[in-house]
Amino acid sequence: MTRAPGRRLGVLVSGRGSNLQALIDAIADGRLTASIAVVISNVAGAGGLDRARLAGIDTAVLDRRGWPTRDDYGRALVDELRAHAVDVVCLAGFMRRIGPGVIAAFPDRIVNVHPSLLPSFPGLHAQGQALAHGVKVSGVTVHLVTAELDDGPIIVQRAVPVLENDTEETLAARILVEEHKAYPEAVQRVLDGHWVVEGRRFVATPSKA
Ligand code: GRF
């Protein structure tokens, strides 16, 4: 089965938005054949919103405190994404859990970037967790989002070495370089179709040439 969704992205950010920038840059130079329909943040002052505005992309701020429950907030997110006819949702440092309503509205259409080689070190401070554990290799994972935190089918992973004298900051910076390559690559793979989810695996299917 071929699964090629539409190519309008909605990007969700909470912070500086360097992965958003990587998507913007990849679109500009043709590595990612998509458009960003809207950038949504739960934080009014997020740097990612400035990057979006600079690139001429629509923005919206949805502060979680504006809705009584997580489900209500999820409905507001879905409404905003649908208002912009979004096909695929990209989490780019969005620091809120995506609820079941949002996942149901975009089945296998939500992508996340995480700074470790999952399933190792899910959750917050993944780079610090890797250092504390003493692993010699870490990296980045881009995956489809499911109800479990940092647990969905893996689309792309890239490894980086952990060095003897690394701090959380130096390791994070080394991983971030790879995030910026892996994220556009993975989103392009999703948009191109020719894949299925089998169990917990993201599997390429042969394309009809
Ligand atoms: C990245 O390390 C990403 O992997 C994690 O949050 C961070 C966001 O950074 N989910 P940025 O806002 O994209 O610069």
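Structure shown above.
My aim in this report is to walk through the structure given alongside it, one point at a time. (Residues numbered from 1 in each chain as written. Predicted model: local features only at pLDDT ≥ 70, side-chain atom pairs only at ≥ 80, totals over all residues. Heavy atoms only, no water.)

Helix and strand counts for the protein chain stand at six helices and nine strands. In terms of overall size, the protein chain behaves like a compact globule, its C-alpha atoms giving a radius of gyration of 17 Å where 209 residues would be expected to give roughly 17 Å. Overall, the protein chain is about 50 × 45 × 35 Å in size when its C-alpha atoms are taken along their principal axes. Out of the 209 residues in the protein chain, the part that is buried amounts to 49%. When contacts within the protein chain are restricted to residue pairs at least 6 apart in sequence, those whose partners lie at least 24 apart make up 62%. In the protein chain, 23 positive and 23 negative side-chain charges are present, and the distance between their average locations comes to 3 Å. (Helix = DSSP H or I, 4+ residues; strand = E, 2+ residues; numbered from the N terminus. Rg over C-alpha atoms; globule rule 2.2 N^0.38 Å. Buried < 20%, exposed > 50% of the residue type's maximum accessible area, 1.4 Å probe, protein only. Contact = heavy atoms within 4.5 Å. Lys, Arg positive; Asp, Glu negative; His and termini not counted. Charge placed at Lys NZ, Arg CZ, Asp CG, Glu CD.)

Bringing the pattern of salt bridges into the picture now. Under the defined criterion, the tally for this structure stands at 11 salt bridges. Asp63 serves as the salt-bridge partner of Arg65, at 2.7 Å between the closest nitrogen and oxygen. Of the residues examined, Arg65 reaches a relative accessible area of 75% and is grouped as exposed. The exposure class of Asp63 is partly exposed, given its relative accessible area of 27%. For the salt bridge of Arg174 with Asp166, the shortest nitrogen-to-oxygen distance reads 2.8 Å. Accessibility expressed as a relative area gives 23% for Arg174, which makes it partly exposed. The class for Asp166 is buried, based on a relative accessible area of 11%. Salt bridges sharing partners connect three or more residues here, namely Arg158, Glu178, Lys181, Glu185 and Arg189. (Salt bridge = Lys/Arg side-chain N within 4 Å of Asp/Glu carboxyl O.)

Let's shift gears to the site of the ligand. Surveying the vicinity of the ligand reveals the residues Arg16, Gly17, Ser18, Asn19, Gly93, Val113, His114, Pro115 and Glu179. Within the contact set of the ligand, an oxygen atom lies 2.5 Å away from a side-chain nitrogen or oxygen of Arg16. Within the backbone of Val113, an N or O atom sits 3.0 Å from a nitrogen atom of the ligand. Burial of the ligand by the surrounding chains reaches 86%, relative to a free accessible area of 370 Å². Those elements giving two or more residues to the shell around the ligand turn out to be α1 (18-28) and β5 (110-114). Of the residues in the shell around the ligand, the class split is two nonpolar, five polar and two charged. (Near = heavy atom within 4 Å. Polar contact = N/O pair within 3.5 Å; in protein donor to acceptor, adjacent residues only side chain to side chain. Areas by Shrake-Rupley, 256 points an atom, 1.4 Å probe, with all protein chains shown as cover. Nonpolar A, V, L, I, M, F, W, Y, C, P; charged D, E, K, R; others polar.)

Bringing the packing of α1 against helix α6 (residues 168-192) into the picture now. As a packed pair, α1 and α6 sit with axes 9 Å apart at the nearest point and diverge in direction by 50°. In terms of orientation, α1 lies oblique with respect to α6. Seen from above, α1 lies across α6 with right-handed handedness. Residue-level contacts link Ser18, Asn19, Ala22, Leu23 and Ala26 of α1 to Leu176, Glu179, His180, Tyr183, Pro184 and Val187 of α6. Counted by class, the contact of α1 with α6 contains seven nonpolar, three polar and one charged residues. (Axes fitted to C-alpha atoms, helices over the stretch in contact; angles between N-to-C directions. Parallel < 35°, antiparallel > 145°, perpendicular 65-115°, else oblique. Left-handed = near helix turned anticlockwise from the far one by under 90°.)

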